[in-house]
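Each chain is listed here by its residues.
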Amino acid sequence: MMKKPFFAAAAAAAALLVQPVAALPGTTQYIPDASGEYVFYRDASFERESYTGFVYYDESTYGVRYYAPAVQDKKAPQAEKDIQLYFTVDTLQDHFEPTGERIAGTVTPDDTDVINYLHDMMYELTARRVKAGTVASQVTQTQDFQQFGGEVTLLFNPLVPIFNLECIKSLDGKTILQVVTTGLLSGAQNEQADTSFTDFKGFPQKLTDKEHVFKRNKKAAVATYTYSKDELFTQTVQLDSQWTQYADNFFFLGKHDALVTFDVAVQASDTTDKQDYASRLLRRFLQSNPNSYANWMELSLQKVGNRTIATLPVYVQSSNTRMQLFRVIEEQKDGSVAFFLMTVYDSIYQKNKAYFDAVVGSYTVAAKE
């Protein structure tokens, strides 16, 4: 059965758009960072496979994590490495100024270089973000970065939390840092803290979860389902009789092989500026959920008029399963945002692309006169 986190995001979408809070010292975020937002990068500055992650708790508290999986090499094996640092910072400064530090995980004297690197990255990436200024859309800059040997190209993106940094490349085009996943920690899951940030271990090459099978009935009757939101909007989607309707705007396919849900997020008058609202929703819809990780390395974003279509796979660590997520958001004239979400097992989607793409394409929304 499909896990709860995949559809919980839809029901709680508006609630998860928290009130604006402060961000990195010396910066103003176009999309305010929320407590618990995190980002991981594939870090090619190390010779072995490595990931560097950052988590934002509040304006004075941050976490940094370095993770490298074990290297299974008979001649030069390397043990798994997992180092976490937690900082408190002086919020009155316009740069990163730590006031306290705690190290978590098992460290040895040989880890000193990694710990110093994590310190440097907090200083340096904060400084790069401050220098970038306003990041309301994708911005590319060339900056001197001695940590990486001199001038590099930085791509900033407001959809990426904390530093708004999507990637860093050398001037000859080699990728040094590349975002691989972003997420938002939940308050608790079944009375336990959300450990998604400290549990991330990259994306596996092989899946052990069984391949899911969907046998399409080409003769299944197709119907158009209509949902009205607060008597302001009408949304429609076309589905066949293989789908089961659980609510006016919520459907499962077969034995939970896929799900579809859609709604309209109406912005409260006392929240952030209306021009930010669609971007904030999109950022949330691209984030990982508890112990599942959205794969930004395969993210596809298409924008047509006021509609944005996002497609990305998600890895579910607990079951070693790969899902395919589709997010459609459409900005409305009154500042609200209509959205459509579909989740399907990747093995099923790959064999039935035209079928599921047609479902996404059938989604419509219209404001009532």
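Note: the structure precedes this text.
Positions within a chain are numbered from 1, following the residues in the order the chain's sequence is written. Confidence filtering applies because this is a predicted model: local features only for residues at pLDDT of at least 70, side-chain atom pairs given and counted only at 80 or more, and all residues used for totals across whole chains, interfaces and linings. As a rule here, side-chain values cover all heavy atoms of the structure and leave hydrogens and water aside.

A. Summary view of the environment of Ser186. For the purposes of this entry, the term helix denotes a DSSP run of H or I that reaches at least four residues, the term strand denotes a run of E that reaches at least two, and both are numbered from the N terminus. You can see Ser186 is positioned in the loop between strand E9 (175-184) and helix H4 (196-199). In sequence terms Ser186 and Pro290 are 104 residues apart; their C-alpha atoms lie 7.0 Å from each other. For Ser186, the residues in contact, after removing those within four places along its chain, are Asp194 and Pro290. Between two residues, a contact is recorded if the distance between any of their heavy atoms is within 4.5 Å.

B. Looking closely at the pairing of strand E2 (residues 51-58). The rule is simple: take the accessible area with a 1.4 Å probe, protein chains only, and divide by the maximum for that residue type; under 20% is buried, over 50% is exposed, in between is partly exposed. Within E2, six of the eight residues are buried, which leaves the element mostly enclosed by the surrounding structure. Only when DSSP finds a minimum of two bridges between them are two strands counted as paired. Taken together, the five bridges between strand E1 (residues 37-43) and E2 define a ladder with antiparallel strand orientation. Within E2, the residue paired with Tyr41 across the bridge is Thr52. In sequence, E2 turns back onto strand E3 (residues 61-68) through a hairpin of two residues.

C. Seen up close, the layout of surface pockets. Think of a 1 Å grid over the protein atoms and nothing else: a 1.4 Å probe that fits but is trapped marks a cavity, an open set flanked by protein within 12 Å on at least five of seven lines marks a pocket, and residues with an atom within 4 Å of a point count as lining. Grid points are joined across faces, edges and corners, and a volume is the space filled by probe spheres set on the points. Considered as a void within the structure, the second largest pocket measures approximately 350 Å³ in volume. Leu159, Ser279, Leu282, Lys303 and Thr308 are, among the 16 residues lining the second largest pocket, the residues nearest its centre. Those elements that place two or more of their residues in the lining of the second largest pocket are helix H5 (274-285), strand E16 (300-304) and strand E18 (321-331).

D. View of unusual backbone geometry. A positive phi angle, close to 70°, is found at Ile162, a residue other than glycine. On the secondary structure map, Ile162 appears in the loop between strand E7 (150-156) and strand E8 (165-170). Phi at Asn291 is positive, roughly 55°, even though this residue is not glycine.

E. Focus on the packing of aromatic side chains. Aromatic rings from Phe, Tyr and Trp, with only the six-membered ring used for Trp, were paired whenever their centres fell within 6.5 Å, and each pair was classed as stacked if the ring planes differed by under 30 degrees, edge-to-face if by over 60, and tilted otherwise. The tally for this structure, following the rule as stated, stands at 32 aromatic pairs. Ring geometry for Phe87 and Phe96: centres 5.5 Å apart, planes at 85°, overall edge-to-face. Phe96 shares its class with Phe87; the two are buried. One aromatic cluster in this structure is built from Tyr38, Phe40, Tyr51, Phe197, Phe200, Phe203, Tyr293 and Tyr315. Remark: a charge is flagged as sitting over a ring if the NZ atom of Lys or the CZ atom of Arg is within 6 Å of the ring centre and within 35 degrees of the ring normal. The residue whose ring lies beneath Arg128 is Phe145, and the NZ or CZ to ring-centre distance is 4.4 Å.

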